[in-house]
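Coordinate inspection notes
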Amino acid sequence: MNVRLVLIGLFMGLVGLCAYSCLAPRSAADRLLAEGASLHALAAQASPLEPGTFPASWIHGADCNNDPLIQVHAYNDNLFILRQSKCDTFEAPFLFLLFGDQKALLMDTGSKASSPVYETVNRVVRDWLQTNNMSSIELIVAHTHSHGDHVKGDSQFEGKPFVSTIVGLDLPSVTQFWGFTNFPVDQPTIDLGHRVIDVLGTPGHHPTSVTLYDRRTHLLLTGDLVYPGHLFVFAPEDWPVFQESLRRLVEFSAANPVEWVVGCHIEMGAAPYSPFAYGTAYHPNEHSLELKPDILRDVYRAARAMGDQPQCQILAECVIHPMYLCGPFWNG
Ligand SMILES: [Zn+2]
Ligand SMILES: [Zn+2]
């Protein structure tokens, strides 16, 4: 009798164990980590509707006598990437200008009020209008987030031709403009005219951070959340927010073809595990701006493994950098 009871008990125990381990819900992001699926392979299943190219290298502080203050690169005919010179500002952020049939969207205005951002953008807009036999287009000025190195040129756009909107810097202005009703969980879209862009709330680096997914190029513009450089998290309460935004980006990238992850700075060398120290104004042999979408899973995996004990850690193509733990200039 005892043996039968023991066997029945063992059987019930096994059933219980399996029910727990086999049926316990796991997030889609966790499953992707476990399965090791390549986000880039997923992206490759759907070729971009509008391909584009990145330059072999960007201006990087090597020739301050001849480099332009702002480099303009046409990713393709309807999407432009601007980089501010490291000779002018060590932040050397990237700005993005996307054209639809009815509206153009400028993401960020750079890190220096004196930099010729409006002048440069205006020139690109006028050239684009001429190429497309148009006389005018509505220009929206918005931001990946409200840090000073992304908004300093805003005032240059006030009252200027074509400029219809300069989105405010506080969270209510940001959420209202994009159409969030439950930031950062819901996922509004903006249509520039045959150019639909998905907008994801991705706080963690900054409370107003958004990530844009351009359905025409399949570029994912991640601002300062993910880029080849120091992924700064500024306060302990931001850490779980950062982790959660990464998790949602992994899930988004598994459900939508992402060609490249494109952030707003470069602070890594081309060789793996080789960050420049924050503040460096000369970047010989720097990393490409664009990152394969697998970077999202790599960063999420590392951040998730830290749990609620974040650390400063150098990864192959970026640095997880909780600034409150190791200061801004930590470099390994
Ligand atoms: Zn920032
Ligand atoms: Zn920045």
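Reading the values: the criteria
Within every chain, residues take consecutive numbers counted from 1 along the sequence as written. Note on labels: chains are lettered from A, ligands numbered from 1, in written order. Local features in this predicted model are restricted to residues of pLDDT 70 or higher, and side-chain atom pairs are both shown and tallied only at a pLDDT of 80 or more, whereas totals for entire chains, interfaces and linings draw on every residue. Side-chain numbers come from the whole structure's heavy atoms, not from hydrogens or water. Put simply, DSSP marks the helices as runs of H or I at least four residues long and the strands as runs of E at least two long, and each gets a number from the N terminus on. Only protein chains enter the accessibility calculation, which uses a 1.4 Å probe. A residue is then buried if its area is under 20% of the maximum for its type, exposed if over 50%, and partly exposed in between. Two residues qualify as a contact provided that any one of their heavy atoms is within 4.5 Å of a heavy atom in the partner residue. Computed by Shrake-Rupley with a 1.4 Å probe, the accessible areas treat only the displayed protein chains as cover when residues are assessed. Any carboxyl oxygen of Asp or Glu within 4 Å of a side-chain nitrogen of Lys or Arg constitutes a salt bridge here. Cysteine sulfur atoms that come within 2.5 Å of each other are treated as a disulfide pair. Here, strands pair whenever DSSP counts at least two bridges between them. Note on definitions: angles span 0 to 180 degrees between N-to-C directions of axes, and those axes are lines fitted to C-alpha atoms, for helices only across the stretch in contact. In this listing, donors mean N, O and S atoms no farther than 2.8 Å from the metal, or 3.2 Å for Na, K and Ca; water is missing from the atoms, so a site can look incomplete. In this scheme the shape depends on donor count and angles: four donors with every angle between 85 and 135 degrees give tetrahedral, four or six donors with opposite pairs above 155 degrees and others between 65 and 115 give square planar or octahedral in turn, and any other case is irregular. Two N or O atoms form a polar contact when they lie within 3.5 Å of each other; inside protein one atom must be a possible hydrogen donor and the other a possible acceptor, and for residues adjacent in sequence the pair counts only when both atoms belong to side chains.

1. Brief notes about the overall build of the chain
A count of helices and strands for the chain gives eight helices and 15 strands. For the chain, the residues scored as buried account for 52% of the 332 residues in total. For the chain, the share of sequence-separated contacts (at least 6 apart) that also reach a separation of at least 24 residues comes to 64%. Accessible area of the chain: about 14,500 Å², with a carbon and sulfur share of 56%.

2. Things to note about the pattern of salt bridges
Here the structure, examined in full by the defined rule, presents nine salt bridges. For K112, the salt bridge identified is with D88, shortest N-O distance 2.9 Å. On the criterion of sequence distance, the pair formed by K112 in the loop between β4 (103–107) and α4 (117–131) and D88 in the loop between β2 (79–84) and β3 (94–99) is long-range, its members being 24 residues apart. Linked through salt bridges whose partners overlap, the residues forming this network are E244, R247, R248 and E251.

3. Brief notes about the state of the cysteines
Taken as a whole and assessed by the stated rule, the structure comprises two disulfides. Residue pairing for C312: its cysteine sulfur links by disulfide to C326, the two sulfurs lying 1.8 Å apart. Classification of the bridge connecting C312 and C326 rests on its S-S torsion, roughly -85 degrees, and on that basis the disulfide is left-handed. Taken together, the residues span a long stretch of sequence, with C312 in the loop between α7 (294–305) and β14 (313–314) and C326 in helix α8 (residues 323–326) at a distance of 14 residues. Residue C326 is classed as partly exposed on the basis of its relative accessible area, which comes to 23%. The disulfide pattern of the chain is 1-2, 3-4 when the bonded cysteines are numbered in sequence order.

4. Some thoughts on the sheet that holds strand β8 (residues 196–201)
Ordered by their spatial adjacency, six strands build an open sheet running β7-β8-β9-β10-β12-β13, and the pairing between neighbours is mixed. Looking at the sheet topology across the chains shown, the edges are occupied by β7 (189–191) and β13 (290–291). In this structure, strand β9 (residues 210–214) lies alongside strand β10 (residues 219–223), joined through three bridges in antiparallel fashion. Note on β10: the bridge partner recorded for L212 is L221. Lying over the sheet, helix α6 (residues 239–255) contacts β8, β9 and β10, oriented at roughly 150 degrees with respect to β8.

5. Remarks on the pairing of strand β11 (residues 230–233)
Every second residue of β11 is oriented toward a common face, with H230 and F232 on one face and L231 and V233 on the other, all of them buried. Inspection of the sheet shows β11 paired to strand β15 (residues 319–322) by four bridges, in the parallel sense. Residue pairing across strands places H230 opposite V319, the latter belonging to β15.

6. Points about the coordination of the zinc ion (ligand 1)
Each protein donor to the zinc ion (ligand 1) is listed here as H145 (NE2), H147 (ND1), H205 (NE2) and D224 (OD); together their distances run 2.1 to 2.4 Å. Classification of the site at the zinc ion (ligand 1) rests on its four donor atoms, whose angles at the metal span 88 to 172 degrees, yielding the label irregular. Here the donor residues of the zinc ion (ligand 1) are spaced in sequence according to H-x1-H-x57-H-x18-D. Between the zinc ion (ligand 1) and the zinc ion (ligand 2), a spacing of 3.5 Å is present, and a bridge between the two is formed by D224. With a relative accessible area of 1%, H145 lands in the buried category.

7. As for the coordination of the zinc ion (ligand 2)
Coordination of the zinc ion (ligand 2) by the protein comes from D149 (OD), H150 (NE2), D224 (OD) and H265 (NE2), over a distance range of 2.1 Å. Mapped onto the polypeptide sequence, the residues donating to the zinc ion (ligand 2) form the spacing pattern D-H-x73-D-x40-H.

8. A word on the environment of P275
Within the secondary structure, P275 sits in the loop between β12 (260–263) and β13. Note: C-alpha distance between P275 and V319 (44 residues apart in sequence) is 7.4 Å.

9. Notes on the side chain of H206
Among the structural elements, H206 can be located in the loop between β8 and β9. A relative accessible area of 15% places H206 in the buried class. At a separation of 2.9 Å, a polar atom in the side chain of H206 contacts the side chain of T208. Residues in contact with H206, not counting those within four places in the same chain, are H145, S146 and H147.

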